[in-house]
Amino acid sequence: MCGIVGTIGEKALRTYLIEGLRSLEYRGYDSAGTSFLSNGEVTTYRLPGRVSDLDQLVPTSIEANAGIGHTRWATHGEPNFSNAHPHQSNKGWFTLVHNGVINNFRFLKRKLEQKGMTFASDTDTEVIVNLMEFHYLQGLTPLRAIKKTIEKLEGSYALAILFKEEPNRIYFAKLHSPLVIGKGEKTHYLASDYLPMLAYAQTFYIVTDYQYGYIEAQHIIVKHLDKNEEIPIRFHTTDLTIEDIGLNGYPHYMLKEIEEAPEVIQRLSYNYFDGNQFLFDDVLLEKIHQADQLIFLACGTSYHAALVGRRYFEEIGKTCRVYVASEFAYYPEVKGQKPLFIVISQSGETADLIRCVQLIKQRGNALLTITNTKGSSLDRASDFSLLLYAGMEIAVASTKAYIAQVGLLAILRAALIHNNDVMTDLVGVIQAMKSVIDSRQDIETMAQAIMHAPSAFFLGRGLDYDVALEASLKLKEITYIHSEALPGGELKHGPIALIAKNVPVIAFISDPITAAAIRSNLEEVRARGANIFTISNLALAKDEDNFITPNVKVYLSPLVKVIVAQYLSYYAALHLQRDIDKPRNLAKSVTVE
Ligand code: AGP
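## Comments concerning the sheet that holds strand β5 (residues 87–88)
Read across the sheet, six strands follow the order β5-β6-β7-β8-β12-β13 without closing on themselves; strand pairing throughout is antiparallel. Among the strands making up the open sheet, the edge pair consists of β5 and β13 (220–224). As defined by bridge partners, strand β8 (residues 170–175) adjoins strand β12 (residues 211–215) across five bridges and the pair is classed as antiparallel. Within the sheet, the bridge partner assigned to tyrosine 171 lies in β12 and is tyrosine 214. Helix α4 (residues 125–137) contacts β5, β6 (94–99) and β7 (157–163) of the sheet and is inclined by roughly 145° relative to β6.

This is how it looks when you write it as C-alpha cells:
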C-alpha cells in the first residue's frame, strides 16, 4: 500500500513525479504529495485527495534537481493534510516519503518527544524523518544517520529521502516494502514498481531487504545494513511495456482485465506446456509427490483460488489444508513431517503472507510461491517459484489473476498425474470464456436487476461454492452492496432467516452431482419471496435460468463461472457510478498487516 517515486537529474521531473504517482495510484489513493529540492530549498505540495488534485496544486513551471512523491493508503491517521506525505523533520534537514508501517513508532516517538522534538501528524513516518535528523544533529553524516535510524525501525519501509544540503542525491532504504531503481540515460529513478519508470528507464534494479544507499544522476550506491562494503549491482530489463499498462480503449482496467481471461489461459498454456510435455521443474514435482501435506496460504481472491486448488490436489490423493494467511500467521498449525507450503499471491508483496513466509523459513519447511510478479518479495523468498504470466493487473479488484491462479493449479495437478488432457480442456475453456464475453449484455441486465438491493446472497455447492465466495467478495468490493456466499445446503441452518421479499439470491450451477440439490435450495428461498438468478451451463440448463455458459469440464468450471461473477459486479458498480478501479478504502497490494 502506498506508492513512492523519486528522481534525480530528470528534465521532466514534475511530469515523472505526477505521472508516476498516477500509475501507482492503484496502491493507495487517499492523499498525494511531492517535494522538490533545489539550491538547499525543499518545496512540498501535498493534500488529501487524488493525484489529479495534486496535479492542479503543483505549479507547472516548477524546476528542481531532485524530487520525491507519494500516494497514500492511510494506516496511521486519517487522510488529511498533515498526515499526507512527504514529511519533513523539525529543522527541515530531511524530507521523505514512506511506504510501510513502523510497529515501534510510539516508543520511538516518546523518546524523541523527550528530547524536545515535536510532531505535526499522526503518522509513523514522521518518527522516521525526525529520528534521522536527531542522529544527524549528533554529528553523523546523512548516510550514517539514515543507517542508524533504520537499524532502530521495526516493521516495513520503502523510503525515498531528500537531504536539504545535497540537491544531487536521493537516499533510499527498504525492508519488506517494494522498491525498484531505474537507470535512464543520465538519470536514476526510484519507484514502488516498474510502472512509473517504463517510459524513462531502460534497466532496473530491485532493492532487497535491509539495503539502503543513494542515487545520483550518474551514480548509485547500495549498501547492506550488516555489511560495510558497497554491494555490486546488476541491472536487468523488464518485459513490461507501456502498452501493457494502458487502458487500450477500455473505460476501466477491471473491464480490460476481465476480458483478458482467454489470453491469460493461452499464455499459461505455452509457458507450462510445450506441445508434448509439461514445463515444470522435476525437482518441484518430486517435492509435491513427496510432501505428506500441502498447505495453501493466501488472502482474498487468491485464497478463493487456493480453495479450488485444494480440491484439485485432494482429488489426486494429496492431503491439503488451506488457510487465510493472516490467521495462519498467528495460529500456525502444521501436521505431518514433510509439508510443502504453497503461497499464492498476485502481487507477491502481501504483508500477511510475508509474515507467514518468515515462519515457514524459521521452521525450515519447503516453500512454493505462485505469484504474478517476478522479483517480488514472495517470488524471491521461495524455494520454488511459479509465475502466473497474467500481465500487470491494475484494477484493485482482482480478476485475471484468479483465472491464472486456478488455471496454473489445474495444469500443475495434471503434470503430477501425467495427464495432458488438461491442455485440450483449457482450449474448451478459452472458447467458453469468449462466448461469455460475447454475451456480457445479458449479465449487465442481471446486474441492473440486483444493483439496488441492500444485500445479496450467492449460493453454490462444491466448486460453485468456491466461485460464490469470489463472486460475493467482488460484489462488496466494488459496489459496496453487502453480500454473503453460502454453500446451498447451509441456508436452512440459519441464514434463510435473512431471506425476505426481493432479496437477490444468485446461484451457480455447474456440477451434475449437486445441480438438483442446489435447485431445491433455490425453491426454499423462492417460497420466501427471494429474487432468484441462476447461472448454469448448457448440460444442466433449465428454461428459467438467467445465464447459461457453454459446457466445460466440471473441474475447470470456476474459470468460466467467475467471469460471469466479475461482469455482474462490474456492471452493477458501473450503473451505481462507483469508482470501479479504485474502490473506497482499498488498495491493490496489501503491504501492511
Ligand atoms: C481482490 O479483488 C482483492 N483486491 C484482494 O482480496 C486480493 O486478492 C488480496 O489482497 C490478496 O492479494 P495478493 O493476491 O496480491 O496477495
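Still more to cover.
## Some details on the pattern of salt bridges
For the structure on display, the rule yields 24 salt bridges. Where glutamate 25 meets lysine 582, a salt bridge forms, and the shortest distance between an N and an O atom there is 3.6 Å. Of the two residues, glutamate 25 is situated in the loop between α1 (13–24) and β2 (31–38) and lysine 582 in the segment after α18 (557–575); the sequence distance between them amounts to 557 residues. For glutamate 25, a relative accessible area of 5% gives the class buried. Accessibility expressed as a relative area gives 21% for lysine 582, which makes it partly exposed.

## Quick look at the nonpolar core
By size, the foremost hydrophobic cluster in this structure holds 132 residues, and its most contacted members are Phe280 and Phe296. Setting aside residues up to four positions removed in sequence, phenylalanine 280 forms contacts with Tyr272, Leu285, Leu386, Leu408, Ile411, Leu412 and Ala415. The next biggest cluster of nonpolar side chains, apart from the first, holds 31 residues, and it includes Phe119, Val127, Tyr214 and Ile221.

## A few points about the side chain of glutamate 477
The residue glutamate 477 is located in helix α16 (residues 463–479) in this model. A relative accessible area of 16% means that glutamate 477 is categorised as buried.

## Topic: the site of the ligand
Taken together, 16 residues lie around the ligand, and Ser302, Ser345, Gln346, Ser347 and Thr350 are the ones closest in. Separating a nitrogen atom of the ligand from a backbone N or O atom of valine 396 is a distance of 2.9 Å. The contact in question runs from an oxygen atom of the ligand to an N or O atom on the backbone of serine 398, over 2.8 Å. For the ligand, whose free accessible area comes to 410 Å², the fraction covered by protein is 91%. For the shell around the ligand, the residue count by class is six nonpolar, eight polar and two charged.

## Considerations on the domain arrangement of the protein
Per the domain assignment, the segments of the protein are domain 1 (3–244), domain 2 (248–419) and domain 3 (437–593). Spacing between the C-alpha centres of domain 1 and domain 2 amounts to 31 Å. Facing the 13 residues of domain 1 at the interface are 12 residues of domain 2. Between domain 1 and domain 2, roughly 960 Å² of surface is buried when both sides are summed, and carbon and sulfur atoms account for 57% of that area. At the boundary of domain 1 and domain 2, one finds zero salt bridges.

## Some words on unusual backbone geometry
If a residue is not glycine, its phi is most likely negative; likewise, a peptide bond is most likely trans. In this structure, proline 86 follows histidine 85 across a cis peptide bond, with omega equal to -5°. Inspection of the secondary structure puts proline 86 in the loop between β4 (66–72) and β5. The phi torsion at histidine 418 lies on the positive side, around 50°, for a residue other than glycine. Positioned with a positive phi, asparagine 585 is a non-glycine residue whose angle comes to about 70°. Following the sequence through the fold, asparagine 585 ends up in the segment after α18. Residue class for asparagine 585 comes out exposed when judged on its relative accessible area of 61%.

## Regarding the packing of helix α13 (residues 400–416) against α18
Direction vectors running N to C along α13 and α18 enclose 170°, while the axes themselves pass 9 Å from each other. On the basis of their axis angle, the class for α13 and α18 is roughly antiparallel. Where α13 approaches α18, its residues Tyr402, Ile403, Val406 and Gly407 are matched on the opposing element by Pro558, Leu559, Val562 and Ile563. Partitioning the contact of α13 with α18 into residue classes produces seven nonpolar, one polar and no charged.

## Points about the packing of aromatic side chains
Going through the model one piece at a time under the given rule, you end up with 22 aromatic pairs. With 5.1 Å between their ring centres and 80° between their planes, tyrosine 16 and tyrosine 200 make a pair best called edge-to-face. Residue tyrosine 16 is located in helix α1, and its partner tyrosine 200 is located in the loop between β10 (188–191) and β11 (203–206); the two are separated by 184 residues in the primary sequence. A residue is classified by how much of its surface remains accessible, and tyrosine 16, at 0% relative accessible area, is buried. You can call tyrosine 200 buried: its relative accessible area is 19%. The ring centre of tryptophan 93 lies 5.1 Å from the NZ or CZ of lysine 164, which sits over that ring. The ring centre of tyrosine 555 lies 5.2 Å from the NZ or CZ of arginine 413, which sits over that ring.

## Here's the deal with α13
For α13, built from 17 residues, the straight-helix expectation of 24 Å at 1.5 Å per residue is met to within 8% by its first-to-last C-alpha distance of 24 Å. Of all 17 residues making up α13, 17 are buried, and the element is well covered by its neighbours. Note on α13: the residue one or two positions beyond its end, histidine 418, has a positive phi of about 50°.

## Some thoughts on the pairing of β2
Burial within β2 is extensive, with seven of its eight residues counted as buried. Taken together, the eight bridges between β2 and strand β3 (residues 41–48) define a ladder with antiparallel strand orientation. In the sheet register, threonine 34 faces β3, and the bridge partner there is tyrosine 45. Where β2 folds back on β3, the antiparallel hairpin that results is connected by two residues, among which asparagine 39 adopts a positive phi of roughly 45°. Pairing analysis gives seven bridges linking β2 to β4, with the strands arranged antiparallel.

## Brief notes about the environment of alanine 404
Along the chain, the position of alanine 404 falls in helix α13. Placed 142 residues apart in sequence, alanine 404 and proline 262 show a C-alpha to C-alpha distance of 9.9 Å. Excluding residues that lie within four positions of it along the chain, alanine 404 makes contacts with Val264, Leu268, Leu388 and Ala390.

## Brief notes about the state of the cysteines
This model, assessed by the stated rule, comprises zero disulfides. The thiol of cysteine 299 is unpaired, and the distance to the nearest cysteine sulfur, on cysteine 356, comes to 7.4 Å. Considering cysteine sulfurs only, cysteine 356 is the nearest to cysteine 320, which forms no disulfide, with 17 Å between them. Owing to a relative accessible area of 8%, cysteine 320 belongs among the buried residues under this scheme.

## As for the environment of serine 398
Residue position: serine 398 is located in the loop between β18 (384–387) and α13. For serine 398, a relative accessible area of 9% translates into the label buried. With 97 residues separating them in the primary sequence, serine 398 and threonine 301 have C-alpha atoms 6.6 Å apart. Dropping the residues within four chain positions of it, serine 398 is found in contact with Thr301, Glu393, Glu470, Lys474, Gln566 and Lys588. At 2.9 Å, the side chain of serine 398 and the side chain of glutamate 393 are in polar contact.

About the cut-offs
- Residues numbered from 1 in each chain as written.
- Predicted model: local features only at pLDDT ≥ 70, side-chain atom pairs only at ≥ 80, totals over all residues.
- Heavy atoms only, no water.
- Pairing = 2+ DSSP bridges.
- Helix = DSSP H or I, 4+ residues; strand = E, 2+ residues; numbered from the N terminus.
- Contact = heavy atoms within 4.5 Å.
- Axes fitted to C-alpha atoms, helices over the stretch in contact; angles between N-to-C directions.
- Salt bridge = Lys/Arg side-chain N within 4 Å of Asp/Glu carboxyl O.
- Buried < 20%, exposed > 50% of the residue type's maximum accessible area, 1.4 Å probe, protein only.
- Core = buried A, V, L, I, M, F, W, Y, C linked by side-chain atoms within 4.5 Å.
- Near = heavy atom within 4 Å.
- Polar contact = N/O pair within 3.5 Å; in protein donor to acceptor, adjacent residues only side chain to side chain.
- Areas by Shrake-Rupley, 256 points an atom, 1.4 Å probe, with all protein chains shown as cover.
- Nonpolar A, V, L, I, M, F, W, Y, C, P; charged D, E, K, R; others polar.
- Domains from an automatic or database assignment.
- Buried area = accessible area lost by both parts, 1.4 Å probe.
- Parallel < 35°, antiparallel > 145°, perpendicular 65-115°, else oblique.
- Phe/Tyr/Trp six-rings, centres within 6.5 Å; stacked < 30°, edge-to-face > 60°.
- Lys NZ or Arg CZ within 6 Å of the ring centre and 35° of its normal.
- Expected span 1.5 Å × (residues − 1).
- Disulfide = S-S within 2.5 Å.

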